[in-house]
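Residue-level structural notes
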Amino acid sequence: MISIGEAQRRVLEDVPVLGTERIHILDALGRVLSQDVQARRDVPAADNSAMDGFACRHADIAGANSANPKVLRLIGEAPAGKPFPGTVGQGEAVWMLTGGMIPDGADTVIMVEDTRLEGDQVVCLADPGHGAHIRPKGEDVRGGETVLSRGDIIRPPEVGMLATLGHAYVHVYQRPLVAIISTGDELVDLDEPFVEGKVVCSNTYSLAAQVQECGGIPLSLGTASDNAADQREKISAGLRADVILTSGGVSVGKYDLVKDTLSALGMKVKFWKVAMKPGKPLVFGTIGDKPVFGLPGNPTSAMISFEQFVRPALLKMMGHVNLFRPLIEATLAEEGPKVSGRLHLVRCKLFEEDGRMMAVTTGTQSSGALRSMVLADGLMLLNPNDGPFVAGKVIKVQLLHTNSPLSPHSPYE
Ligand code: AMP
Ligand code: MG
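Predicted model, so just to flag it, every value in this text is computed and none were measured. (Residues numbered from 1 in each chain as written. Chains lettered and ligands numbered in written order. Predicted model: local features only at pLDDT ≥ 70, side-chain atom pairs only at ≥ 80, totals over all residues. Heavy atoms only, no water.)

1. A word on the overall build of the protein
Rule in force here: A run of DSSP states H or I qualifies as a helix once it reaches four residues; a run of E qualifies as a strand once it reaches two. Both are numbered from the N-terminal end. The rule is simple: take the accessible area with a 1.4 Å probe, protein chains only, and divide by the maximum for that residue type; under 20% is buried, over 50% is exposed, in between is partly exposed. Note on definitions: a residue-residue contact is assigned when non-hydrogen atoms from the two residues lie within 4.5 Å. Two residue types count as positive, namely Lys and Arg, and two as negative, namely Asp and Glu; His and chain ends fall outside the count. Positions of charges follow a simple convention, taking NZ of Lys, CZ of Arg, CG of Asp or CD of Glu.
Helix and strand counts for the protein come out as eight helices and 26 strands. If one aligns the C-alpha atoms of the protein with their principal axes, the spans along those axes are about 95 × 50 × 40 Å. Counting the 413 residues in the protein, one finds 45% classified as buried. Within the protein, contacts between residues at least 6 apart in sequence are counted, and of these 69% link residues at least 24 apart. On the protein, the mean spot of the 40 positive side-chain charges and the mean spot of the 48 negative ones are 8 Å from each other.

Next comes the structure, spelled out in structure tokens:
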């Protein structure tokens, strides 16, 4: 049985980076740039005023203060977007509005609060210093400079930067279409009546949500029974997708037929069974160049296997450079579980105490217990060789949520 690290390497070696597409910047949030983006021009395009005030020559107001004011003659104005057409000469001033272009001849802006206007006389009551309140041309970005790079994730600031640089459209990596097929005679879907002895098919939904969370497009193809012909039909329908996920039927039970079905459809098996708990019976291979993941059916096994193998694979396909959830160190707040054999991925809650990150398990670790996923902030990665896991021991925890947890407190309370 191969280790989880080796299995992950084999998966990532086999998944391709998808092609690119050109999309509008407003559709680009969360996508990955497939191109470098150069600035076509300086930003700002010209020296402009950072304040409401008056543009002048610094020499004319040097040393000004309220006891010794300097007086300038107002010759015009330069609101934002409407440059003053003339030149500022000795003893002259142009009324500036924030963002207005600095007129020729001027080298300094004195802010309105440091002046008094009397008719066309600008009485200057302070010396702001040479060059004050001017945002120089190219201060933010120089023309020709590479501002964004291939592999960058497009967040709101990148959307703003693309707009600033004049790009309405941008090239990004495509999103994978991910076919999802649940298998099992016992499954009923949400539009079917529930009968005792049956199990509601939740994997189709949790897996679809996981695909969405990492930016892929789920294609739910419903449920196949534990019957080769039915499985072949349903899984074949998934071959038009970029990735195929099945859940259930990959263990060693009498009705676990998915591996055979996938082989019959031409899958080259890259590995079957990984030394992890939960999630051991995972099978991975390719049909043509399409990655196929046969995930175990237990709801937490399916989700945790997705986290370890499918999520990094989908992120790679979408051009992401960083593929893995962050790993942190935490201290066991109470005795951890007894572990033996394989690497255990234990659902846990995290909390801070005296400046330390503490971890406790979510309770039952049954691989059917979906509630443990609902409660979990992360997964303790417990290698049996490092045990026993006594209270106070420092362990590694893989965080399961991308965003920092939201706080109930406003910083301004
Ligand atoms: P299997 O991997 O097919 O042996 O399934 C293991 C366990 O997971 C069984 O108890 C199944 O009922 C359950 N299971 C399998 N598929 C699903 C599914 N799509 N949704 C919820 N539970 C499932
Ligand atoms: Mg089954």
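2. Quick word on the site of ligand 1
Rules: Being near a molecule or strand, for a residue, means having at least one of its heavy atoms within 4 Å of it. Within 3.5 Å is the distance limit for a polar contact, defined as a pair of N or O atoms, with the added protein rule that one can donate a hydrogen and the other accept it, and that residues adjacent in sequence qualify only through two side-chain atoms. The Shrake-Rupley method, run with a 1.4 Å probe, gives the accessible areas here. Residue values count only the displayed protein chains as cover. Gly counts as polar in this scheme, as do all residues outside two lists: the nonpolar Ala, Val, Leu, Ile, Met, Phe, Trp, Tyr, Cys and Pro, and the charged Asp, Glu, Lys and Arg.
Within the structure, ligand 1 sits among 15 residues, and Glu186, Ser202, Gly249, Gly297 and Asn298 are positioned closest to it. The contact in question runs from a nitrogen atom of ligand 1 to an N or O atom on the backbone of serine 202, over 3.0 Å. Between ligand 1 and the protein, one listed contact pairs an oxygen atom with a backbone N or O atom of glycine 249 at 2.8 Å. Expressed as a share of its isolated accessible area of 480 Å², the protein-covered part of ligand 1 is 78%. Those elements that provide at least two residues to the shell around ligand 1 are strand S13 (177-183) and strand S15 (199-200). Among the residues making up the shell around ligand 1, the classes are represented as five nonpolar, nine polar and one charged.

3. So, the environment of leucine 370
Mapped onto the secondary structure, leucine 370 falls in the loop between strand S24 (356-361) and helix H8 (371-375). Judged by relative accessible area, which is 28%, leucine 370 ranks as partly exposed. For the pair leucine 370 and glycine 151, spaced 219 residues apart in sequence, the C-alpha to C-alpha distance is 34 Å. Setting aside residues up to four positions removed in sequence, leucine 370 forms contacts with Ser202, Pro299, Thr300 and Met303.

4. Quick notes on the nonpolar core
Quick note on the threshold: The term nonpolar core refers to a set of buried residues drawn from Ala, Val, Leu, Ile, Met, Phe, Trp, Tyr and Cys, joined through side-chain atoms within 4.5 Å. Delimitation of the domains relies on an automatic or database domain assignment.
Leu245, Phe293, Phe309 and Leu314 are the most contacted members of the largest nonpolar core, which has 39 residues in total. For this core, the secondary structure elements donating two or more residues are helix H1 (4-14), S13, helix H4 (203-213), strand S17 (243-247), strand S21 (290-295), helix H7 (299-317) and strand S23 (343-353). Broken down by element, this core gets its largest block of residues, nine residues, from H7. No fewer than three residues from each of domain 1 (4-19 + 175-317) and domain 4 (327-399) sit in this core. The contacts of phenylalanine 293, once residues within four sequence positions are left out, are Val11, Val243, Ile244, Leu245, Thr246, Val283, Phe284, Phe309, Val310 and Ala313. Residues Ala39, Val159, Val170 and Val172 belong to the second largest nonpolar core, which totals 16 residues.

5. Some words on the sheet that holds strand S4 (residues 53-56)
As a reminder of what qualifies: Only strands that DSSP links by at least two bridges are regarded as paired with each other. Orientation is described by axes fitted as lines to C-alpha atoms, over the contacting stretch for helices, and by angles from 0 to 180 degrees between their N-to-C directions.
If you trace the six strands from one edge of the open sheet to the other, you get S7-S4-S6-S5-S9-S8, paired in mixed fashion. The open sheet terminates on both sides in strands that have one partner only, identified here as strand S7 (108-111) and strand S8 (115-118). Pairwise comparison of adjacent strand axes, ignoring direction, gives a mean angle of 40 degrees for this sheet. Sheet analysis places strand S5 (residues 70-78) next to strand S6 (residues 92-96), joined by five bridges and oriented parallel. Within S6, the position partnered with glutamate 77 by the bridge is tryptophan 95.

6. Considerations on the layout of surface pockets
Applied cut-off: Cavity: a set of points on a 1 Å grid over the protein atoms alone where a 1.4 Å probe fits but cannot get out. Pocket: an open set with protein on both sides within 12 Å along at least five of seven lines, its lining residues, like those of a cavity, having an atom within 4 Å of a point. Grid points are joined across faces, edges and corners, and a volume is the space filled by probe spheres set on the points.
By volume, the largest pocket amounts to about 590 Å³. Ile153, Arg311, Leu315, His320 and Thr402 are the residues nearest the centre of the largest pocket, which is lined by 24 residues in total. Tallied by class, residues from the lining of the largest pocket come to 11 nonpolar, eight polar and five charged. Both domain 1 (4-19 + 175-317) and domain 2 (21-38 + 144-173) contribute no fewer than three residues apiece to the lining of the largest pocket. Estimates place the volume of the second largest pocket at around 450 Å³.

7. Focus: the packing of H4 against H7
The condition is simple: We call two directions roughly parallel when the angle between them is under 35 degrees, roughly antiparallel when it is over 145, roughly perpendicular when it lies between 65 and 115, and oblique otherwise. Throughout, a crossing is termed right-handed when the near helix is turned clockwise from the far one, and left-handed when it is turned anticlockwise from it by less than a right angle.
With their axes 10 Å apart at the nearest point, H4 and H7 run at an angle of 25 degrees to one another. Our classification of the angle between H4 and H7 gives roughly parallel. Between H4 and H7 the crossing geometry is right-handed. Within the contact between the two elements, H4 uses Asn203, Ser206, Leu207, Gln210, Val211 and Glu213 and H7 uses Pro299, Ala302, Met303, Phe306, Glu307, Arg311 and Leu314. Class assignment for the residues of the contact of H4 with H7 results in seven nonpolar, three polar and three charged.

8. Section: the pattern of salt bridges
Definition in use: When a carboxyl oxygen of Asp or Glu is within 4 Å of a side-chain nitrogen of Lys or Arg, the pair counts as a salt bridge.
With the rule as written, the count across this model stands at 14 salt bridges. A salt bridge links glutamate 158 to arginine 155, with the shortest nitrogen-to-oxygen separation between them at 2.8 Å. When salt bridges with common partners are traced through the structure, they connect Glu6, Arg9 and Arg10 into a single cluster.

9. As for the domain arrangement of the protein
How large an interface is tends to be reported as the accessible area lost when its parts come together. Test applied: Accessible area, probed at 1.4 Å, shrinks when two parts are joined; the buried area is that loss added up over both.
By the assigned domains, the protein splits into domain 1 (4-19 + 175-317), domain 2 (21-38 + 144-173), domain 3 (48-135) and domain 4 (327-399). Once you take the C-alpha centre of each, domain 1 and domain 4 turn out to be 26 Å apart. Listed as interface residues are 14 residues of domain 1 and, on the opposing side, 14 residues of domain 4. Around 1300 Å² of area is buried between domain 1 and domain 4 when both sides are counted, 65% of it from carbon and sulfur atoms. Here domain 1 is connected to domain 4 by zero salt bridges. Applying the counting rule to domain 1 against domain 4 returns six residue pairs in polar contact (both at pLDDT 80 or more). Elements with a minimum of two residues in the side of domain 1 that touches domain 4: strand S19 (276-277) and H7. The element best represented in the side of domain 1 that touches domain 4 is H7, accounting for six residues. Per-class residue counts for the side of domain 1 that touches domain 4 are seven nonpolar, five polar and two charged.

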